[in-house]
Amino acid sequence: MNGLKKLIWVICLGLGSTLWAQDQLSGVVNDETGTPIPGVNIMVKGTSNGTVTDFDGNYQIRVAKGETLVFSYLGFKGQEITYQNQSTLDVVLVEDTAQLDEVVVIGYGSVKKTDLTGAVASIGAEELTEQRRTDLAQAVRGTVAGVDVRRLNSKPGSPLSIRVRGNTVITNSNQANADGQSDDVTADLSRPLYVVDGIFLDNINILNPADIQQMDILKDASATAIYGSRGANGVVIITTKNGIEGKTQFSYDASFGVSSASNLVDIMSGDEYIEYIDDNLRAQQWKAEWLNSSTPNPTAADFDNYTINRSQSFFDNGETDNIANRDYFDWIDYITRTAVQSSHTVSMSGGQNGLVYSSSIGYLKDEGVVGNDQAYERYTASTSLSKKMNRFTIGLRAYLSYSEQEKGSRELFRSAYRLPVTADPFDDNGELILYPDNEDQRFVNPYYEVNGAWKNNQRILNVISNFYVQYEPSDWLSLKSTFSPNLSSTRNGEHRGLLTKSARNDPSRTRAYYGVDLRNSYTWDNTADFNFDITDKQKLGATLITSVYYNQLEGNNIETRNVPDFHGFYNTSAGTDVRQYSSYYEKETTASVAGRINYNVNDKYLFTFTGRYDGASKLAEGNKWNFFPSAAFAWRASEEQFLQNADWLTNLKFRVSYGKSGNYNTVSPYKSFAFLNNSNYLFGDDLTNGNVVNGLSNPELTWEVSEEVNLGVDFGMLNNRVNFSLELYDKTTEGAIFSRNLLDVTGFDSAVGNFGSMNNRGIEFTLNTKNIQTEDFSWNTSLNFAKNKNEILKLEGDLDLQVFGRHSALIVGQPSDAIYSYEQDGIWQIDEAAEAAVYNAVPGEHKYVDQNNDGILDAANDKVVIGTTAPDWTGGMTNNFKYKNLDMSVMMYTRQGVFGHSEFHQHHDTNGETRFSKIDAAYWTPDSPNADNPLPGLGPTQGEYFFEDMSFVKIGNIGLGYSFPSTLLDKFKMTSARLSIDVQNPFTFTDFQGPDPETGLQNSYDMSFQTRTTLIGLKVAF
């Protein structure tokens, strides 16, 4: 017992002497310019005792004489200083140029930014989160030259389309029909490859931008070659946040705001709508008299004097009284609301003694502005952990995302625009009118769909993980094996209740859909990295890779009808009418061997050589494997002796690259085979089950191969106050895979094969300037511009035209996104009546160009390319201002030259159906011959004509922020705190008269309003 007491006393005395021997040390950490560095990690070596610098670079720590302090911060060289009883210790950290440059991820590794030979754009964590966007695609929009980001649907949680350097594939698909383009981004065969921590992903909407460390976009063939066939359309590499060794740091990032419908269409007022109806009725008599040879040609006075008879077929349910009293109803206001958006992310990171860790959890809720039940919720959780033990490093990353999107009614948006202002949802007693518009009884009162009669729900669960082991047997060799599995589950459920436009109070028309997709995939990569200094002026790096990718998808769908409302979509068996039941399964694998060599001579001459040998199970036997090489060269001219005295020049680099890439993603699995389908046929008098061949096999189906040349210039001057880069590229694709139409005599509609070739070329320009840089005030500008043009070079055999959809075609010599229709040439005027009659038209109707002047308008001879759905050019500009602790940013982006069919105009143009409300636009009458729109009620003489220019300029975000001073932060033991307010999509400038030019190509079905969102944000770290 006495011995135990003595031991305790010895321990206490030892601890006490240690504590008594420690001193309180303080100081400040600056960079080389004397600017304080907040957030520097300071650790007592070999202990867990540590701290971080505050906003002004100040720190305090208890330390004993002889102990070593370790100062570390990302982008700066670490320092170790032994404490020798100083009362204060100020430290200057020196920028680690190599570390700062090693921020560009190029796939299976990274290089210094100065050593890049290909076309690569990089976006950091601050840029991705500064506008408080809900998904990564929004954060990228308008910031990277050559990367076209477009919103397809304004419902919360809807993914955006991303294209790198335009449309790169030939597509024969009825998606390009009169109703616009598909809202499904996975249907876009030109979408890039997304790589998240080494894992191939289809939907980056599941990611929380606050969890992302950086995004690197590989654009040219040299940069994407390391990914072989999967990188043919560009590669977007996303790296989630990792820990930094040092004291554990915590952060909290939150925002709260409201959204409202914006850019509302200017619809005719009640009085204007009535006048439009009257002119529409007059137009019927006008045309009949012009085409009746026994009747003299009418005059303007005749038009005004025609008898108008608005029958009950036009107005009922109290509409006549509404017109008389000028009591009109605002349907848009009726179905919209002010929606709430909020997000929260909590994260931590740190590490010591070779162990580095980080984790985060996040939550987002974004309500829709249409109806009362639209909403998008996303839960995310991430973790990363790595441990270095001598020459071994083991690590893992895991990311979990769960989201639920309630889209609500597919009809509500367009119903609100279709219902005329003369209709009313309530009768004189305040009771709901089931069919407010007597002229069109397809429309059930929107009240029911506003309150959930139509449910459309999707749930997505994704688990992304990455496990690796790395061994470094020497300083010049590193071996790494990485296994990256991905599990995802998508459940879609939809119920169209009794009181919806779909069912129209008919129980037999109620519907329930239920479908589940289960996907599991993995990538297994093994790499060997070699790095040699051949001489003091020559460096050689090499990477060898073997890779295996496996992807399996299975699922099922069921649809039943006559489903009571209380069952929703959960009990499809309650439906007495089974319309669909199916299950499916598909699998694909790829295997690859690749190598890359980087050769650096005197930091002036940079060479990159890459080769990848790919095999894909999708392709036909004997055609599965191909080799894709690339080479790139860069010359850092600014490092040459003859430019060393040019003080104004900071950087000048010329780049050239050439590469081949393969693509098989334009075809689904098993397309090289022919399959049998069930079919019923008459055998005598009996109906018998049998099988028929469904599609033609193609034993020669192989890779489509692209060759690309890229020329680049990077230029910096005035100590990098002005930086710009220029890219010129030319890409030709041979053996393009698409579906070719077949003659009926073959017994098949189409066949898939390597039938065509196309060319894609363009220019990209990026300019970054520091316009003003003083101690208290700075102003920086970032500007980007891109122009892309594609052209079909060849179709199968001597085929030079293949029409598909209602106004699309593949035409040799024309863009792959061409709009194929009749060319408009204004409106027939009264003095042109005789010429108009040749085409069975009258004054007031659209005039079309007779291309061969034969007096007949026919598709074979008179249809031409009148535009393209792809933009002529895209651009963006961001201005950042900072005054002391205040900062402000303004971001704008534009898409110019977009042209296509507007489904919204088809119904709401003044020459559309009378039963729908109309855009407030001037139209032709004998008294207004110079109007752009034809006389109401005179349908097109040939096909469709609702083609519109959908160019726009949008102010994407206006943000204002305030960073709290250190005097306040010290009181709360925080290292940083920032309060911000952002207004997203505040202004849109366009001549397009529809709801949103960005979604103008889409069908109004299942659409929503463009929104303006105001968010208040708070981000703190401690």
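These numbers come from a predicted model, not from an experiment.

Cut-offs applied
Residues numbered from 1 in each chain as written. Predicted model: local features only at pLDDT ≥ 70, side-chain atom pairs only at ≥ 80, totals over all residues. Heavy atoms only, no water. 1 Å grid on protein atoms, 1.4 Å probe; cavity = no way out; pocket = protein on both sides within 12 Å on 5 of 7 lines; lining within 4 Å. Points joined across faces, edges and corners; volume = space filled by probe spheres on them. Helix = DSSP H or I, 4+ residues; strand = E, 2+ residues; numbered from the N terminus. Nonpolar A, V, L, I, M, F, W, Y, C, P; charged D, E, K, R; others polar. Phe/Tyr/Trp six-rings, centres within 6.5 Å; stacked < 30°, edge-to-face > 60°. Buried < 20%, exposed > 50% of the residue type's maximum accessible area, 1.4 Å probe, protein only. Lys NZ or Arg CZ within 6 Å of the ring centre and 35° of its normal. Salt bridge = Lys/Arg side-chain N within 4 Å of Asp/Glu carboxyl O.

On inspection of all chains with the given rule, the structure shows 11 cavities of 30 Å³ or more. Its boundaries defined by the atoms lining it, the largest cavity holds a volume of some 360 Å³. Contributions of two or more residues to the lining of the largest cavity are made by strand S19 (355–367), strand S20 (375–389), strand S47 (976–989) and strand S48 (1011–1021). Approximately 210 Å³ is the volume found for the second largest cavity. Of all the secondary-structure elements, those providing two or more residues to the lining of the second largest cavity are strand S17 (246–261), strand S18 (339–352), S19 and S20. Looking at the lining of the second largest cavity residue by residue, the classes come out as four nonpolar, nine polar and four charged.

Inspection of every chain in the model, using the stated rule, returns 49 aromatic pairs. Each ring, one from Phe 483 and one from Tyr 522, has its centre 5.4 Å from the other, and the planes form 40°; the classification is tilted. In this pair, Phe 483 sits in strand S23 (residues 477–496) while Tyr 522 sits in strand S24 (residues 511–533), placing the two residues 39 residues apart along the sequence. Overall, the relative accessible area of 29% leaves Tyr 522 in the partly exposed class. Aromatic side chains Tyr 522 and Tyr 550 sit 5.4 Å apart centroid to centroid with 20° between the ring planes, which places their arrangement in the stacked category. Of this pair, Tyr 522 sits in strand S24 while Tyr 550 is found in strand S25 (residues 538–561), placing the two residues 28 residues apart along the sequence. Taken together, Trp 286, Trp 290, Phe 303, Tyr 306 and Trp 924 form an aromatic cluster joined through their ring pairs. The residue whose ring lies beneath Lys 847 is Trp 828, and the NZ or CZ to ring-centre distance is 4.9 Å.

For Asn 390, which is not glycine, the phi torsion reads 55° and is therefore positive. Tracing the sequence through the fold places Asn 390 in the loop between S20 and strand S21 (392–406). Despite not being glycine, Asn 853 shows a phi value in the positive range, around 55°. Positionally, Asn 853 belongs in the loop between strand S40 (846–848) and helix H13 (859–862). Here Asn 853 falls in the exposed class, since its relative accessible area comes to 67%.

The next thing to look at is the pattern of salt bridges. Going through the model one piece at a time under the given rule, you end up with 33 salt bridges. Across the salt bridge formed by Arg 282 and Asp 279, the nearest N and O atoms sit 2.7 Å from each other. Residue Arg 282 and its partner Asp 279 are located together in helix H6 (residues 270–291), separated by three residues, close to a single helical turn. You'll find Arg 282 and Asp 279 in the same group, each marked buried. In this structure, the salt-bridge partner of Glu 845 is Lys 287, at a minimum N-O distance of 3.3 Å. Of this pair, Glu 845 sits in the loop between helix H12 (833–838) and S40 while Lys 287 sits in helix H6; the two residues are 558 residues apart in sequence, bridging distant segments of the chain. Relative accessible area serves as the criterion here: at 1%, Glu 845 is assigned to the buried category. What you see here is one network of salt bridges that share partners, running through Lys 155, Arg 410, Glu 494, Arg 496 and Asp 1006.

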